[in-house]
Amino acid sequence: MPPRPDVSAERRAQIIEAALACFVRKGYNNTTMDDVSVASGLSKGALYWYFKSKDELFESALSSFFEESFDPQAIAALEQPTAAGKLRMLAQTMVGLGEWAEGLFNLFLEFWASSSHRQEAASLWVDLLVQYKGIIAGIIEEGIGSGEFRPVDAENLVWAIMAAYDGLAAYVMLIPDLDLKRVSEVFVETLLSGLMADGQGK
């Protein structure tokens, strides 16, 4: 009799997909493991086999979303021939993520405020921020090294850039008619006009 195939990875992905949909629809506090069980089509016992708690499931769902959504786009951005092109591509990625996952940032804040392990919960978000900060800072430093950009403090500039997009994500929730794509384009082009070394142009 052939051995049974290992479906643990597929089961985890199935649970995470269902959980993320529930969290986005109902919020962190109002989502129960029973909700996720129904949405995934698996028993609650199966959920607890893979995840010890709702906190752990939420952390895994959030990490999975950003890894699967951002990483392929980041790779595409890094294939652009110029540092300016890379920044433009990443900006488009951030806008796309913001439109797809509207309210995800607030969802995380709800989770953080409700969690009994706030320090551990905050570290999840910090780890993601540091990872993306490194990617963007690397692009700016590449542009400086090639002479495309003038010398700037890349590390601190990137924190300001990321804070701007976090703020825009919050503004979109308050002002639904805000044209996030156009705001991002104006922001990035203005930023690049200040970064470009003399004579580089667009």
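Residues numbered from 1 in each chain as written. Predicted model: local features only at pLDDT ≥ 70, side-chain atom pairs only at ≥ 80, totals over all residues. Heavy atoms only, no water.

A. Up close: a nonpolar patch on the surface. Together, Val126, Val130 and Trp159 line one region of the surface with nonpolar side chains, adding up to about 250 Å² of accessible area. Turning to its location among the elements, valine 130 is positioned in helix α7 (residues 118–146). On the accessibility criterion, valine 130 (41% relative accessible area) is partly exposed. (Patch = residues over 30% accessible without salt bridge, like charges linked within 9 Å, V, L, I, M, F, W, Y side chains within 5 Å. Areas by Shrake-Rupley, 256 points an atom, 1.4 Å probe, with all protein chains shown as cover. Salt bridge = Lys/Arg side-chain N within 4 Å of Asp/Glu carboxyl O. Helix = DSSP H or I, 4+ residues; strand = E, 2+ residues; numbered from the N terminus. Buried < 20%, exposed > 50% of the residue type's maximum accessible area, 1.4 Å probe, protein only.)

B. How the structure looks around the pattern of salt bridges. Taken as a whole, this structure holds six salt bridges when the rule is applied. Salt-bridge contacts for aspartate 35 lead to lysine 26; the nearest nitrogen and oxygen are separated by 2.9 Å. Residue classification places lysine 26 among the partly exposed positions, given a relative accessible area of 34%. A salt bridge links glutamate 189 to arginine 88, with the shortest nitrogen-to-oxygen separation between them at 2.7 Å.

C. Inspection of the packing of aromatic side chains at higher detail. Taken as a whole and assessed by the stated rule, the structure comprises four aromatic pairs. Between the aromatic rings of phenylalanine 23 and phenylalanine 58, the centroid separation amounts to 5.0 Å while the plane-to-plane angle is 80°, which identifies the pairing as edge-to-face. Placement of the pair is phenylalanine 23 in helix α1 (residues 8–26) and phenylalanine 58 in helix α4 (residues 54–78), with a sequence separation of 35 residues. An identical accessibility class is assigned to phenylalanine 23 and phenylalanine 58; each is buried. (Phe/Tyr/Trp six-rings, centres within 6.5 Å; stacked < 30°, edge-to-face > 60°.)

D. Focus on the side chain of serine 60. By the secondary structure assignment, serine 60 is in helix α4. With residues up to four places along the chain from it excluded, the contact list for serine 60 reads Arg12, Ile16 and Phe51. (Contact = heavy atoms within 4.5 Å.)

E. Structural context of the confidence of the model for the chain. Looking at the chain, the pLDDT average stands at 82 and 80% of residues meet or exceed 70. When mean pLDDT is taken per element in the chain, helix α2 (residues 33–40) scores highest with 94 and helix α6 (residues 104–114) scores lowest with 69. Throughout residues 1–5 the model reports pLDDT below 50, and contacts reaching past four residues in sequence, or to other chains, amount to zero contacts. (pLDDT = per-residue confidence, 0-100.)

F. Fine view of α2. All buried positions along α2 are accounted for by Met33, Val36, Ser37 and Ser40. Buried residues along α2 cover an arc of 105° about the axis, so they all sit on one side. (Arc of directions from axis to C-beta.)

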